[in-house]
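Observations on the three-dimensional arrangement
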Amino acid sequence: MAEVMSVADGRARAARTLLNQLVLPGEELVLPEQEDVDSPARAGEQPLLLNATARARLRVVCGPGLRRCGDRLLVTKCGRLRHKEPGSGGGVYWVDSQQKRYVPVKGDHVIGIVIAKSGDIFKVDVGGSEPASLSYLAFEGATKRNRPNVQVGDLIYGQFVIANKDMEPEMVCIDSCGRANGMGVIGQDGLLFKVTLGLIRKLLAPDCEIIQELGKLYPLEIVFGMNGRIWVKAKTIQQTLILANVLEACEHMTTEQRKQIFARLAES
Amino acid sequence: MEVVMRADAKVRVESGTESSPRGPGCSLRHFACEQNLLSRPDGSASFLQGDTSVLAGVYGPAEVKVSKEIFNKATLEVILRPKIGLPGVAEKSQERLIRNTCEAVVLGALHPRTSITVVLQVVSDAGSLLACCLNAACMALVDAGVPMRALFCGVTCALDSDGNLLLDPTAKQEKARAVLTFALDSVEQKLLMSTTKGLYSDAELQQCLAAAQAASQHIFRFYRESLQRRYSKS
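Please read these numbers as outputs of a predicted model, since none were measured by experiment. (Residues numbered from 1 in each chain as written. Chains lettered and ligands numbered in written order. Predicted model: local features only at pLDDT ≥ 70, side-chain atom pairs only at ≥ 80, totals over all residues. Heavy atoms only, no water.)

The next thing to look at is the overall build of chain A. When helices and strands are tallied, chain A shows 5 helices and 17 strands. Taking the contacts inside chain A whose residues are at least 6 apart along the sequence as the reference set, 60% of them involve residues at least 24 apart. (Helix = DSSP H or I, 4+ residues; strand = E, 2+ residues; numbered from the N terminus. Contact = heavy atoms within 4.5 Å.)

Once that is clear, we can look at the overall build of chain B. When you go through chain B residue by residue, the secondary structure sums to 3 helices and 10 strands. Taken from the N to the C terminus, the helices and strands of chain B come in the order β-β-β-β-β-α-β-α-β-β-β-β-α. For chain B, the residues scored as buried account for 53% of the 234 residues in total. For chain B, the accessible surface area stands at approximately 10,400 Å², while carbon and sulfur atoms represent 51% of it. (Buried < 20%, exposed > 50% of the residue type's maximum accessible area, 1.4 Å probe, protein only. Areas by Shrake-Rupley, 256 points an atom, 1.4 Å probe, with all protein chains shown as cover.)

Let us look at the UniProt feature "domain: K Homology" (unreviewed entry) in chain A. Residues annotated in UniProt with the feature "domain: K Homology" (unreviewed entry) correspond here to residues 190-237 of chain A. Taken end to end, residues 190-237 of chain A is 35% helix and 31% strand, and its first and last C-alpha atoms sit 8 Å apart. (UniProt positions renumbered as here; feature names shortened; annotations may be inferred.)

Okay, the pairing of strand 16 (residues 220-224) of chain A next. Successive residues of a regular strand alternate their side chains across the two faces of the sheet. Residue and element names in this part refer to chain A. Taken together, the 5 bridges between strand 16 and strand 17 (residues 229-234) define a ladder with antiparallel strand orientation. Among the inter-strand pairings, F224 is bridged to a residue of strand 17, identified as I230. Here strand 16 folds back onto strand 17, and the loop between the two strands holds 4 residues, one of which, G228, carries a positive phi near 90°. (Pairing = 2+ DSSP bridges.)

Next up on the list: the sheet that holds strand 6 (residues 72-75) of chain A. Residue and element names in this part refer to chain A. Read across the sheet, 4 strands follow the order 1-3-6-5 without closing on themselves; strand pairing throughout is mixed. Pairing within the sheet leaves two strands with one partner each, and these edge strands are strand 1 (12-14) and strand 5 (66-69). The sheet shows a mean angle of 40° between the axes of neighbouring strands, direction not considered. Bridge analysis of strand 3 (residues 28-30) against strand 6 gives 2 bridges, and the strand direction is antiparallel. Within strand 6, the residue paired with L29 across the bridge is L73. (Axes fitted to C-alpha atoms, helices over the stretch in contact; angles between N-to-C directions.)

Listing the buried residues of helix 3 (residues 209-217) of chain A in full gives I210, E213, L214 and L217 of chain A. Down the axis of helix 3 of chain A, the sector holding all buried residues measures 100°, keeping them to one side. (Arc of directions from axis to C-beta.)

Moving on, we get to the environment of V187 of chain B. Here V187 of chain B lies in the loop between strand 9 (178-185) and strand 10 (191-198). Distance from V187 of chain B to L37 of chain B, taken between C-alpha atoms, is 28 Å for residues 150 residues apart in sequence.

What follows concerns the packing of helix 3 of chain A against helix 5 (residues 255-267) of chain A. Residues and elements named next belong to chain A. Axis separation between helix 3 and helix 5 bottoms out at 10 Å; the angle between their running directions is 10°. By the angle between their axes, helix 3 is roughly parallel relative to helix 5. Contact residues: helix 3 offers E209, I210, E213, L214 and L217, while helix 5 offers T255, R258, K259, F262, L265 and A266. For the contact of helix 3 with helix 5, a count of residues per class yields 6 nonpolar, 1 polar and 4 charged. (Parallel < 35°, antiparallel > 145°, perpendicular 65-115°, else oblique. Nonpolar A, V, L, I, M, F, W, Y, C, P; charged D, E, K, R; others polar.)

With that settled, consider the packing of aromatic side chains. Counted according to the given criterion, the structure contains 7 aromatic pairs over all chains. Ring geometry for Y102 of chain A and F160 of chain A: centres 6.4 Å apart, planes at 20°, overall stacked. Here Y102 of chain A, found in the loop between strand 8 (91-96) and strand 9 (109-118), pairs with F160 of chain A, found in strand 12 (residues 155-162); they are 58 residues apart in sequence, far enough to count as distant. For the residue pair Y102 of chain A and F160 of chain A, the accessibility class agrees, reading buried in each case. For the ring pair F31 of chain B and F47 of chain B, a centre distance of 5.8 Å and an interplane angle of 50° mean the geometry is tilted. (Phe/Tyr/Trp six-rings, centres within 6.5 Å; stacked < 30°, edge-to-face > 60°.)

This paragraph deals with the environment of T254 of chain A. Residues and elements named next belong to chain A. Counting through the fold element by element, T254 comes out in the loop between helix 4 (237-249) and helix 5. Its relative accessible area of 39% is what places T254 among the partly exposed residues. The sequence separation of T254 and V124 amounts to 130 residues, and the corresponding C-alpha distance is 35 Å.

Residue and element names in this part refer to chain B. Put simply, helix 2 (residues 129-144) and helix 3 (residues 202-232) touch, their axes get as near as 12 Å, and they point 35° apart. Crossing of helix 2 over helix 3 shows right-handed handedness. Each of N135, C138, M139, V142 and D143 in helix 2 lies in contact with helix 3, whose residues at this interface are I219, Y223, L227 and R230. Each residue belonging to the contact of helix 2 with helix 3 can be placed in one class, and the counts come to 6 nonpolar, 1 polar and 2 charged. (Left-handed = near helix turned anticlockwise from the far one by under 90°.)

Moving on to the interface of chain B and chain A. With 37 residues of chain B in contact, the opposing surface of chain A contributes 29 residues. Summing both sides of the interface, chain B and chain A together bury roughly 2,700 Å²; the carbon and sulfur share of this comes to 53%. Taken as a group, R113, R224 and Y231 of chain B account for 24% of the area that chain B buries against chain A, more than any other trio of residues on that side. Between chain B and chain A we count 3 salt bridges in total. A salt bridge links E130 of chain A to R113 of chain B, with the shortest nitrogen-to-oxygen separation between them at 3.0 Å. (Buried area = accessible area lost by both parts, 1.4 Å probe. Salt bridge = Lys/Arg side-chain N within 4 Å of Asp/Glu carboxyl O.)

Glancing now at the environment of R68 of chain A. Residues and elements named next belong to chain A. Note that R68 resides in strand 5. The class of R68 is partly exposed, set by a relative accessible area of 49%. Expressed as a C-alpha distance, the spacing of R68 and E28, which sit 40 residues apart in the sequence, is 9.6 Å. Residues contacting R68, with those up to four places away along its chain left out, are V60, C62 and L73. A polar contact is formed between the side chain of R68 and the backbone oxygen of V60, at a distance of 3.3 Å. (Polar contact = N/O pair within 3.5 Å; in protein donor to acceptor, adjacent residues only side chain to side chain.)

All names here are of chain B. Omega for the peptide link from G60 to P61 comes to -10°, which places this bond in the cis form. Mapped onto the fold, P61 is located in strand 4 (residues 52-62). For D168, which is not glycine, the phi torsion reads 55° and is therefore positive. Checked against the element boundaries, D168 lands in the loop between strand 8 (165-167) and strand 9.

Shown next as structure tokens:
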């Protein structure tokens, strides 16, 4: 399929041709619908459209790693370009990059560590540029008389309700209906460790084999925070440490190496 | 985790678009780059040009002291540590040059009231140190996932007493009539920063700049190959 690609200044490329390939900061992407508009070869022979609404502009969502610049997308992070086509609209484009530092995003579920209690607010370290604030009323069944039992140093699993670049992030441990839904203070024992953000996304993908295999290995409790933190608890300390090491190493292992390690652990 | 990329970038760049004949073509030294080699910083890279080697680490966007915070963009800090001795005035001025280059390229407006710190450690210095620092800083910023509007690279030129142009000079070749260092961006090879030392005419400046722009293409190609290698493993 030879497509006539317009390259107005010699460097913008069609987003369609770069899917799942590496893109570097500074590259400009042309959206599919724009290609038709800019194509010089067809300039003189626009077919007459009877259905004018068919060419209505589709709404394309610009995800992480991309910025809108004019009518093009500018790549700001290095990684693979991905696209998801939902039912309506033009779809979402984003860049899959490998990163260690977390930037708070509204709606993300994260694991935080309480670092300070000041009046009615807890300050929670989530790994971003500033600590998030958590009100003591944002727990299930909490009232002014019935305060939650949260101490400095506790682990909290919550979600962001306010997280943008201009304001201090705020998190809560209840969902929109007022139910905890698994959020709140994380129990005693267990081990908290840090991994890269890409690994968390991989582990939380719908059909991830790693988690199923881990479950078959030992009975365990595990909590994933989108800020790169994982809390894991198994029956004994040794099992917990083994699980933590396996998860940390998962990033660099291929599927076969992982299966070998699981097989070896299952035997012992 | 560590991707070591070696490129035999022995490039022969023909200078000499001017009427006066120049010497034989110029070549860049052998490059190598390694990313994500340090566990503590958010991004790290080691860049090798010939025998000159610089290790860079990037922390950010992280907490910033209230006295240093800027309300609408990120505070960029560069720390350059020489191989021996304490950092002095020369390091301070090089830090400022690198910081100005990074500020032109990093999208600081996306992370107001945060700090992005680039720490550079000189491992060995055999000429073209500032260019190597710029390349290491760029690779480390990419590794850390800091949003940027373009990549940048550094190229050094030396002009000897006969007027010959040498790209990527060694320490011995840097004792020339003039040494010019340029930082160029990846989108249109525009000039981001230039620092020069010595005596040269404006025609020679233009020639050096043109040669540096041609050489930067090879450096950007090397960046792309290095990153491609890294992302192909995942």
